[in-house]
Amino acid sequence: LMRWRANQKLDVDAMRHQKCLLVGAGTLGCAVARTLLGWGVKHITLVDNGTVSYSNPARQCLYEFADASAEGGPRPKAVAAAESLRRIHPSCVANGEVLNIPCPGHPIPPSDVASAEEAYSRLSALVESHDAVFLLTDSRESRWLPTILCARHGKPCINAALGYDTFLVMRHGYGQGKRLGCYFCNDVVAPADSTTNRSMDMMCTVARPGLSFIASALAVELLAACTQHPLGAAAPAMTMQSSDADDDAVLGPVPHALRGSLHGFTLGHWPAEAFPRCVACAPTVISALEERGFALVREACEQPKLLEEISGLVELLEGGEEWDIDDDEEEGDDNDDF
């Protein structure tokens, strides 16, 4: 109907045939899955290690009260979400995977090493077998392994993250040569434990209720725009100059990162190149993962600083101590327009 009524160049099948992996089946994951259904996407896999709590159904649109009060205990989110998708659209090929993703800063006890290695192998296989990956988890460190696996397997990756009234939606760099940055490219420290010794309310993302639906919709539309661009996921980032001048893109130019706020109802987009010493997508880090596999992941869980050494961040920061910056030379004219 969209093609018939509004856009005859729209290639609906290019989006409909996408096999999408959703890492995180919470507020964002549920909303992304429902929006994908709206585009006709039928192959959806959800990954999560949590269970449905009594507070979830009001905010997470694929769950019901019965999922939290089920006989035998709360149901796994990934499994319950997949079943909900199949009820909504019986022809949907939806699957739920209960996985505990290894995270930097979260040491793996000796008794859990075998299960952690199995989870790593399974996540890697899932990334490799899907066409696009959405990162929708609660913590920064839980996004590291899926990010590097997407870079290793050459898979488009869409990231969505929430604050109280702000959000970030971005696509990671794709392809060879000059690439766009990933979620970690603006960081100069490795991801570490952000949840231990925190109360439940501190570990949960507290956001205005409408924010997740806005961010989720933009995340799916970002993938849709990529599928309709001649260069696909390698489409150049939209700039102020190209915002109205990309005639070859059926759904218009494709932004790199969208930052929005409900405080003032603002939305902006800023492109950024990949950081060559990124702890998640730097060539040295990807090569280390290819050579060492789970051994690297396990060591990073024990010592996140290892990623800074492999990526070259340590060398960069140590070299920065030798920089001699003349403050007088850095001062600009009072009339400079920033």
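So, a few notes on the structure that sits alongside this text. Since we're looking at a predicted model, the values are computed, not measured. (Residues numbered from 1 in each chain as written. Predicted model: local features only at pLDDT ≥ 70, side-chain atom pairs only at ≥ 80, totals over all residues. Heavy atoms only, no water.)

## Looking at the pairing of strand β6 (residues 166-171)
Within β6, five of the six residues are buried, which leaves the element mostly enclosed by the surrounding structure. Pairing analysis gives five bridges linking strand β5 (residues 157-162) to β6, with the strands arranged antiparallel. Its bridge partner being in β6, Asn159 is matched across the sheet by Met170. In this structure, the hairpin formed by β5 and β6 is closed by a connection of three residues. Note: β6 against strand β7 (residues 257-261), five bridges, orientation antiparallel. Note that in β7 the partner of Leu168 across the bridge is Arg259. (Buried < 20%, exposed > 50% of the residue type's maximum accessible area, 1.4 Å probe, protein only. Helix = DSSP H or I, 4+ residues; strand = E, 2+ residues; numbered from the N terminus. Pairing = 2+ DSSP bridges.)

## Brief notes about the sheet that holds strand β1 (residues 19-23)
With mixed pairing, the eight strands of this open sheet are ordered in space as β3-β2-β1-β4-β5-β6-β7-β8. Of all the strands in the sheet, the pair left with one neighbour each is β3 (93-98) and β8 (266-269). Strand-to-strand twist across the sheet, computed as the mean angle between neighbouring axes with direction ignored, equals 15 degrees. Where strand β2 (residues 43-48) meets β3, six bridges bridge the pair, whose relative direction is parallel. Within β3, the residue paired with Ile44 across the bridge is Ala94. (Axes fitted to C-alpha atoms, helices over the stretch in contact; angles between N-to-C directions.)

## As for helix α3 (residues 27-38)
Between its terminal C-alpha atoms α3 stretches 17 Å, which fits the 16 Å expected from 12 residues at 1.5 Å a residue. Most of α3 is tucked away, with nine of its 12 residues classed as buried. Every buried residue belonging to α3 is among Thr27, Leu28, Gly29, Cys30, Ala31, Val32, Ala33, Leu36 and Leu37, and all of these are buried. One or two residues past the end of α3 sits Gly40, with phi positive at roughly 90 degrees. (Expected span 1.5 Å × (residues − 1).)

## Here's the deal with helix α11 (residues 294-302)
Helical geometry note: an α-helix holds 3.6 residues per turn, so side chains three or four residues apart project in the same direction. What α11 keeps buried is the set Phe294, Leu296, Val297, Ala300 and Cys301. Seen from one end, α11 has its buried residues packed into an arc of 155 degrees, which puts them on one side. In this structure, the buried residues of α11 make contact with α6 (113-129), α7 (144-153), α10 (283-292) and α12 (305-311). (Arc of directions from axis to C-beta. Contact = heavy atoms within 4.5 Å.)

## Re the pattern of salt bridges
In the structure shown here, the tally under the stated rule is eight salt bridges. A salt bridge links Arg75 to Asp67; the shortest N-O distance between them is 3.3 Å. Judged by its relative accessible area of 21%, Arg75 is partly exposed. Asp67 sits in the buried class, given a relative accessible area of 6%. (Salt bridge = Lys/Arg side-chain N within 4 Å of Asp/Glu carboxyl O.)

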